[in-house]
Amino acid sequence: MDNEADVFYRQLPKVELHAHLNGSVSSQTIEKLIKRKPHLNIEHSMTAIGKGQRRTLDECFQVFKVIHQLVDTEEDILMVTTDVIREFAADSVKYLELRSTPREEKHTGLTKKGYIETVIRAIQLCKNEGLDIDVRFLVAIDRRNGAEVAMETVALAEQFLLSSDGLVVGLDLSGDPTVGDGKSLLPALERAKNCGLKLSLHLSEVPSQLEESDLLLNLPPDRIGHGTFLHPEVGGSQNLVNKVLKNNIPLELCLTSNVKGQTVPCYSQHHFNYWYQLGHPSVICTDDKGVFSTDLSQEYQLTASTFGLSHETVWKLSQQAIDCIFAPQTVKQQLKQKWIELQPQVFQ
Ligand SMILES: CNc1ncnc2c1ncn2[C@@H]1O[C@H](COP(=O)(O)O)[C@@H](O)[C@H]1O
Ligand SMILES: [Zn+2]
């Protein structure tokens, strides 16, 4: 990690809604994976973007390929998932929605179903450890793989929605935003929605996707990842903004990810400000805490220092994230109670 956040931000109870499993692998876990596979000749510099460094988005996607080489067995997936959950718990994340893309069997030795089962097993292992974190799972569709794979993934997610005891709550659409066509994925996403899967879609992460964003917003999704280029100041449109506002679709905002991936020029120009000024529900998230060398405490602290937010305002921001989770109302109530109980010690 680049820096340690201050005590207030570390102790602040937090909700993490946008975390890609293989992008969240810490340098400690990477170390263990490198030791397991010395023949791959992978170095740390190939799996994370350090302080002050930037990459093009395209280069970020090369990094995921390297991590995928390191995480290619059932044992790896189990270790990576438990490590990531323990790290979020240690960062006072009380509710986490992890997302991950089931890969082809030849890349992991597991069927896609087996991949999801392994992640679920890791979540259950952590639960049995008694960690103070509620973890749910979103099955991810990589847009690069096209409509047929997307439909297959939805069918799988649908099975787990019914059989995972509430752990699988929804679907994520992600992958290199410059590749593939969102329009062709609409039937799969519609089916997912109709069967009760919640939808979190990466939307307008790069410029010039007005038409695709417009079509995807008509679903409408339950949450939006990034939405960097939705508003008119950066080439989006008022029509897109109005659709987001009308349907009250929360945004998942990942400041360091956007700055290091260079879709946003600097922290102070991050679109957090645009949506926050509108009073629109916006949730601070990490995206890929391993790849971008950050954690959720740091992201909250960076947001606060960049936009001059008081501790009380930051508290509200983390509390309001509870309303945006995909787990049912009872879980929201439990989390709200937890926030009330923790408030005195965080502000002491
Ligand atoms: C930087 N912005 C981003 N935009 C879009 N998709 C992203 C992403 N960051 C990560 N992913 C998606 O998550 C995968 C890695 O985790 P999993 O193997 O699924 O656990 C990447 O391959 C990509 O599909
Ligand atoms: Zn993402």
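Residues numbered from 1 in each chain as written. Chains lettered and ligands numbered in written order. Predicted model: local features only at pLDDT ≥ 70, side-chain atom pairs only at ≥ 80, totals over all residues. Heavy atoms only, no water.

Trainee: Outline the coordination of the zinc ion (ligand 2), supporting the account with residue identities and numerical values.
Mentor: Within the first shell, the zinc ion (ligand 2) binds the protein through H18 (NE2), H20 (NE2), H202 (NE2) and D287 (OD), at distances of 2.1 to 2.2 Å. Metal-centred angles of 82 to 168° between the four donor atoms at the zinc ion (ligand 2) mark the site as irregular. Donor residues for the zinc ion (ligand 2) sit on one chain with the sequence pattern H-x1-H-x181-H-x84-D. Linking H18 in strand β1 (residues 14-20) with H202 in strand β5 (residues 198-203), this pair joins segments that are 184 residues apart in sequence. Both residues of the pair, H18 and H202, belong to the buried class. (Donors = N, O, S within 2.8 Å, 3.2 Å for Na, K, Ca; no water. Tetrahedral: all angles 85-135°; square planar, octahedral: opposite > 155°, others 65-115°. Helix = DSSP H or I, 4+ residues; strand = E, 2+ residues; numbered from the N terminus. Buried < 20%, exposed > 50% of the residue type's maximum accessible area, 1.4 Å probe, protein only.)

Trainee: So what about the pairing of β5? Which residues, and what values?
Mentor: Burial analysis of β5 places five of its six residues in the buried class, which makes it a mostly covered element. Pairing of strand β4 (residues 168-174) with β5, which is carried by four bridges, proceeds in the parallel orientation. In the sheet register, G170 faces β5, and the bridge partner there is K198. When β5 meets strand β6 (residues 223-226), the two strands line up parallel, connected through four bridges. Bridging across to β6, L201 finds its partner in I224. (Pairing = 2+ DSSP bridges.)

Trainee: Any details on the UniProt feature "domain: Adenosine deaminase" (unreviewed entry) in the protein chain? Residues and values, ideally.
Mentor: Here the UniProt feature "domain: Adenosine deaminase" (unreviewed entry) sits at residues 13-338. With 46% helix and 14% strand, residues 13-338 has its two end C-alpha atoms placed 9 Å apart. (UniProt positions renumbered as here; feature names shortened; annotations may be inferred.)

Trainee: An account of the confidence of the model for the protein chain is needed here, citing residue identities and associated values.
Mentor: Predicted coordinates in areas of low pLDDT are best not read in detail. Per-residue confidence for the protein chain gives a mean pLDDT of 97, with 99% of residues at or over 70. Across the protein chain, β1 holds the top mean pLDDT of 99, while helix α5 (residues 105-108) sits lowest at 94. ipTM for the predicted complex: 1.00, alongside a pTM of 0.98. (pLDDT = per-residue confidence, 0-100.)

Trainee: Go over the site of ligand 1 with me, naming the residues and quoting the values.
Mentor: By nearness alone, 18 residues border ligand 1, and H68, S100, T101, E205 and D288 come closest of all. Measuring from a nitrogen atom of ligand 1, one finds a side-chain N or O atom of D287 at 3.4 Å. Within the side chain of D288, a nitrogen or oxygen atom sits 2.8 Å from a nitrogen atom of ligand 1. Protein chains bury 98% of the 510 Å² of accessible surface belonging to ligand 1 in isolation. The set of elements that each furnish at least two residues to the shell around ligand 1 consists of α3 (57-70) and β2 (93-100). Tallied by class, residues from the shell around ligand 1 come to four nonpolar, nine polar and five charged. (Near = heavy atom within 4 Å. Polar contact = N/O pair within 3.5 Å; in protein donor to acceptor, adjacent residues only side chain to side chain. Areas by Shrake-Rupley, 256 points an atom, 1.4 Å probe, with all protein chains shown as cover. Nonpolar A, V, L, I, M, F, W, Y, C, P; charged D, E, K, R; others polar.)

Trainee: Give a detailed account of the side chain of T153, specifying residues and quantitative values.
Mentor: Take T153: it is sitting in helix α7 (residues 146-163). Beyond its immediate chain neighbours, meaning those up to four positions away, T153 contacts V139, A140 and I141. (Contact = heavy atoms within 4.5 Å.)

Trainee: For the sheet that holds β5, give the residues involved together with the corresponding values.
Mentor: One open sheet accounts for eight strands, arranged β1-β2-β3-β4-β5-β6-β7-β8; its pairing is parallel. Each end of this open sheet is capped by a strand with a single partner; those strands are β1 and β8 (282-284). Here the average twist between neighbouring strands, direction ignored, is 25°. As judged from the six bridges shared by strand β3 (residues 134-142) and β4, these two strands associate in the parallel manner. Counterpart to I141 in the pairing with β4 is L173. Sitting on the sheet, α7 touches β3 and β4, and the angle it makes with β3 is about 160°. (Axes fitted to C-alpha atoms, helices over the stretch in contact; angles between N-to-C directions.)

Trainee: I'd like a description of unusual backbone geometry, backed by residues and values.
Mentor: The linkage connecting L219 with the following residue, P220, adopts the cis geometry, with an omega of -20°. When you line up the elements, P220 lands in the loop between α9 (210-217) and β6. Its identity is not glycine, yet S92 carries a phi of approximately 60°, on the positive side. Take S92: it is sitting in the loop between α4 (74-90) and β2. Take S92: its relative accessible area is 13%, and that puts it in the buried class. Phi at S204 is positive, roughly 45°, even though this residue is not glycine. If you trace the backbone, S204 turns up in the loop between β5 and α9. S204 gets classed as buried once you look at its relative accessible area, which sits at 2%.

Trainee: Run through the packing of aromatic side chains, naming residues and quoting values.
Mentor: A full pass over the atoms with the stated rule returns seven aromatic pairs. Ring centres of F8 and Y9 lie 5.0 Å apart, and the angle between their planes is 90°; this geometry places the pair in the edge-to-face category. Residue F8 shares its accessibility class with Y9, and that shared class is buried. Look at F272 and F307: their rings are 5.2 Å apart centre to centre, the planes differ by 35°, and that puts the pair in the tilted class. Of this pair, F272 sits in helix α12 (residues 272-277) while F307 is found in helix α13 (residues 296-307), placing the two residues 35 residues apart along the sequence. As far as burial versus exposure is concerned, F272 and F307 are alike and both buried. A connected cluster of aromatic rings, assembled from ring pairs, spans F8, Y9, W315 and F347. In this structure, K289 is placed above the aromatic ring of F88, and the distance from its NZ or CZ to the ring centre is 5.4 Å. (Phe/Tyr/Trp six-rings, centres within 6.5 Å; stacked < 30°, edge-to-face > 60°. Lys NZ or Arg CZ within 6 Å of the ring centre and 35° of its normal.)

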